[in-house]
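A closer look at the structure
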Amino acid sequence: MAYLSQEALITLNFLNLGKNVKVSENAQIYNTESISLGDNTRIDDFCVISGKVSFGRNVHIAPQCLIAGGDVGITFSDFSGLAYQCQVFAQSDDYSGRTLTNPTVPDEFKNEIKKPVFIGRHVIVGAGSLVFPGVVLAEGCSVGALSLVNRSTEKWGVYIGNPAKRVKDRHKDLLELEARYLGGSDDS
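Residues numbered from 1 in each chain as written. Predicted model: local features only at pLDDT ≥ 70, side-chain atom pairs only at ≥ 80, totals over all residues. Heavy atoms only, no water.

Quick notes on the overall build of the protein chain
Broken down by element type, the protein chain carries two helices and 22 strands. Within the protein chain, the proportion of its 188 residues that are buried is 42%. Placing the 18 positive and 21 negative side-chain charges of the protein chain at their respective mean positions leaves the two points 7 Å apart. (Helix = DSSP H or I, 4+ residues; strand = E, 2+ residues; numbered from the N terminus. Buried < 20%, exposed > 50% of the residue type's maximum accessible area, 1.4 Å probe, protein only. Lys, Arg positive; Asp, Glu negative; His and termini not counted. Charge placed at Lys NZ, Arg CZ, Asp CG, Glu CD.)

Observations concerning the nonpolar core
Here is a general trend for soluble globular proteins: nonpolar side chains tend to be buried in one another's company. One finds Ile43, Phe55, Ile61, Ile67, Phe76, Leu82 and Leu137 to be the most contacted residues of the largest nonpolar core, which totals 35 residues. Residue assignment for this core shows that the elements contributing at least two residues are β4 (35–37), β7 (53–55), β10 (74–76) and β15 (117–119). Every residue in contact with Phe55, bar those within four places of it in the chain, is listed here: Ile35, Ser36, Leu37, Gly38, Thr41, Ile43, Ile49, Ile61, Ile67 and Phe76. (Core = buried A, V, L, I, M, F, W, Y, C linked by side-chain atoms within 4.5 Å. Contact = heavy atoms within 4.5 Å.)

Some details on the sheet that holds strand β3 (residues 28–29)
Pairing is parallel in the open sheet, where six strands are placed in the order β3-β6-β9-β12-β17-β20. At either margin of the open sheet sits one strand with a lone partner, and together these are β3 and β20 (148–149). Where strand β9 (residues 66–68) and strand β12 (residues 87–89) come together, three bridges link them in parallel fashion. Paired with Ile67 across the strands is Val88, a residue of β12. (Pairing = 2+ DSSP bridges.)

Digging into the side chain of Ser77
Its location among the elements puts Ser77 in the loop between β10 and β11 (81–82). Setting aside residues no more than four positions away along its own chain, Ser77 makes contact with Gly56, Val59, Phe118, Ile119, Gly120 and Arg121.

With respect to the sheet that holds β10
Taken in spatial order, the six strands line up as β1-β4-β7-β10-β15-β18 in an open sheet, and their pairing is parallel. Edge strands, defined here as strands with exactly one partner in the open sheet, are β1 (16–17) and β18 (136–137).

Let's talk about the packing of aromatic side chains
According to the stated counting rule, one finds two aromatic pairs in the structure shown. Aromatic pair Phe79 and Tyr181: ring centres 5.9 Å apart, planes at 80°, arrangement edge-to-face. Placement of Phe79 in the loop between β10 and β11 and of Tyr181 in helix α2 (residues 174–183) is noted, with a sequence separation of 102 residues between them. By relative accessible area, Tyr181 is classed as partly exposed at 41%. (Phe/Tyr/Trp six-rings, centres within 6.5 Å; stacked < 30°, edge-to-face > 60°.)

Let's talk about the pattern of salt bridges
The final tally for this structure, using the stated rule, is eight salt bridges. Note that Glu112 and Lys110 form a salt bridge whose closest N and O atoms lie 3.6 Å from each other. Note that Arg121 is salt-bridged to Glu178, the shortest N-O span being 2.0 Å. On the criterion of sequence distance, the pair formed by Arg121 in the loop between β15 and β16 (124–125) and Glu178 in helix α2 is long-range, its members being 57 residues apart. Classification of Arg121 by relative accessible area gives partly exposed; the value is 25%. With relative accessibility at 10%, the residue Glu178 sits in the buried group. Salt bridges sharing common partners tie together Asp71, Asp107, Lys110, Glu112 and Lys114. (Salt bridge = Lys/Arg side-chain N within 4 Å of Asp/Glu carboxyl O.)

What about the side chain of Asp44?
Mapping Asp44 onto the fold places it in the loop between β5 (42–43) and β6 (48–50). A polar side-chain atom of Asp44 sits 2.7 Å from a polar atom in the side chain of His60. Setting aside its immediate chain neighbours within four residues, Asp44 contacts Met1, Tyr3, Ser24, Ala27, His60, Ile61, Ala62 and Pro63. (Polar contact = N/O pair within 3.5 Å; in protein donor to acceptor, adjacent residues only side chain to side chain.)

A short note on the state of the cysteines
Counted under the stated rule, the structure contains zero disulfides. We note that Cys65 lacks a disulfide partner, and the nearest cysteine sulfur, in Cys86, lies 4.8 Å from it. Take Cys141: it sits in no disulfide, and the sulfur closest to it among the cysteines is that of Cys86, at 14 Å. Relative accessible area serves as the criterion here: at 0%, Cys141 is assigned to the buried category. (Disulfide = S-S within 2.5 Å.)

Here it is, written out as structure tokens:
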């Protein structure tokens, strides 16, 4: 996988560009002036990112993910990430049939749902999962592969299914590793 050079990243005019950021040359990123990339963020091949999106430190987006921040935005906290083929939406059309849909139609004829999404510190979302507008994935949660997250979660839970439900607590051992990792860094 080839990543854009630092010079190429600078020319994209991101809202914020941290240190050691890696973005695949095969990723498609729109609205860069509304996107903030924290230190050590990595975005892999064939991802599509658009709208208002903020990535904290050490965030990883695996190949083929779709992140649609729209006007209201998606926030990825430090050490969070998406596995292969995840989709996260901060806005959605009204599918009830009461209004028109899709981006070719003026807003006055639509009733889009627009709610920010927050992905907490140490959250990991499994391959093929879908996160709906307005969801808060609380700190430390893990979401199993192929899950549909249409409701906010509670801290340090393991969630799976369609719709995703909490099945057990998640271990916090990784917090000790985080402390050791950040202890070796001057910018913790």
